[in-house]
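Each chain, letter by letter, is given below.
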Amino acid sequence: MKIIDTHCHLISKAFTTDVEACIIHAQEAGISKMVLACCNETEFPQIIALCNRHPGVLFPSIGIHPEDMAEDIDAQLAATRQLLDGYCLADDGRLVRRLPIGEIGFDLYWDKTRFDDQKRILQQQFDWALTYDLPVLLHIRDAMPQFLEFLRQYIINKKNTANAAPARLRGILHCYSGNVQEAFEAMQLGDFMIGIGGTLTYKNSKVPEVAKAVGLNRIVLETDSPYLAPIPHRGHRNEPAYTADTARFLAELLGISLEEVAETTTRNAEKLLGI
Ligand SMILES: [Zn+2]
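Residues numbered from 1 in each chain as written. Predicted model: local features only at pLDDT ≥ 70, side-chain atom pairs only at ≥ 80, totals over all residues. Heavy atoms only, no water.

**Quick notes on the sheet that holds strand 1 (residues 3-8)**
Pairing within the open sheet is parallel, and its three strands lie in the order 1-2-3. At either end of the open sheet lies a strand with only one pairing partner, and these are strand 1 and strand 3 (58-59). Helix 1 (residues 19-28) rests against strand 2 (31-36) and strand 3 of the sheet, and its axis sits at about 135° to strand 2. In the packing of helix 8 (residues 243-254) onto the sheet, contacts are made with strand 1 and strand 2, and the angle to strand 1 comes to roughly 115°. (Pairing = 2+ DSSP bridges. Helix = DSSP H or I, 4+ residues; strand = E, 2+ residues; numbered from the N terminus. Contact = heavy atoms within 4.5 Å. Axes fitted to C-alpha atoms, helices over the stretch in contact; angles between N-to-C directions.)

**A short note on the coordination of the zinc ion**
Looking at the zinc ion, the protein donor atoms are His7 (NE2), His9 (NE2), Glu103 (OE) and Asp224 (OD), and they sit 2.0 to 2.4 Å from it. One can describe the site at the zinc ion as irregular: its four donor atoms subtend angles covering 88 to 175° at the metal. Mapping the donors of the zinc ion onto the primary sequence yields the spacing H-x1-H-x93-E-x120-D. Taken together, the positions of His7 in strand 1 and Asp224 in the loop between strand 8 (219-221) and helix 8 put the pair 217 residues apart, joining distant regions of the chain. (Donors = N, O, S within 2.8 Å, 3.2 Å for Na, K, Ca; no water. Tetrahedral: all angles 85-135°; square planar, octahedral: opposite > 155°, others 65-115°.)

**Focus: the sheet that holds strand 7 (residues 191-196)**
The strand order across the open sheet built from five strands is 4-5-6-7-8, with neighbouring strands paired in parallel fashion. The strands lining the two open edges of the sheet, one partner per strand, are strand 4 (101-107) and strand 8. Ignoring strand direction, the axes of neighbouring strands in this sheet form an average angle of 30°. Pairing of strand 4 with strand 5 (residues 136-141), which is carried by six bridges, proceeds in the parallel orientation. Looking at the pairing, Phe106 lines up with Ile140 of strand 5.

**Remarks on the layout of surface pockets**
Approximately 1,000 Å³ is the volume found for the largest pocket. Looking at the largest pocket, it is lined by 38 residues, and the ones nearest its centre are His139, Arg141, Cys175, Asp224 and Leu228. Per-class residue counts for the lining of the largest pocket are 14 nonpolar, 11 polar and 13 charged. Considering only enclosed or pocket space, the second largest pocket measures out at about 320 Å³ in volume. Residue lining of the second largest pocket: 20 residues in total, with Phe59, Pro60, Tyr87, Arg98 and Leu99 positioned closest to the centre. Breaking the lining of the second largest pocket down by element, the ones donating at least two residues are helix 2 (44-53), strand 3 and helix 9 (258-273). Counting residues per element, the lining of the second largest pocket draws most heavily on helix 2, at three residues. (1 Å grid on protein atoms, 1.4 Å probe; cavity = no way out; pocket = protein on both sides within 12 Å on 5 of 7 lines; lining within 4 Å. Points joined across faces, edges and corners; volume = space filled by probe spheres on them. Nonpolar A, V, L, I, M, F, W, Y, C, P; charged D, E, K, R; others polar.)

Below is the structure:
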């Protein structure tokens, strides 16, 4: 059985002492690949270093999380673009490697005062994704209606400037917390998968309803480690191994086998992310 954790933060301080043990633990639990979400440009070198120690198992991403915006956005975007180009482009400028842009998005839970800045950096990062044909890892917290509105406008603007239908964005709505209708609206506007993790297993969670409505072909699994551990680990540090607990819960919820959940969500993630 192979399962992919499409979103974890293994360079978090929570893993300082035992990240290698956690990777082994995950592989023992059937987690064959893990995607490391990047919250800002300073994390990227550490992410690359860790991924280089585990080729074919750990995969990097690069992006600016809305909560990680610097005061000087232009400087931060320039630094991030330089790292992105350094990773993706050969010396002659040819695109030779891809990775997801993430995690990026809107967060109106913590700080609403810089929403214009959030929009600006998201737009820029969407442009990079389209230019290099990269998937995006989206963090949308308390902002699903605003995100859908933004995406609609983004597509219209692209159409006007390109004078043709723009390439569709593709990616993962990580740790999805919107409702069923919003999920379908997003999937209409772009080729998005619903990222499902520990919150699926929580009491009174709305994620089960979304999971049933969108179906397995639109789902990828994740942990968001070290946050949001699934039951029975809730309240403790989350780690990639626990993706298996969410997979088991999802299998029971959908009335299918664990193998089918593992196979389909792994195929979804591999195809979408190119890993
Ligand atoms: Zn995250």
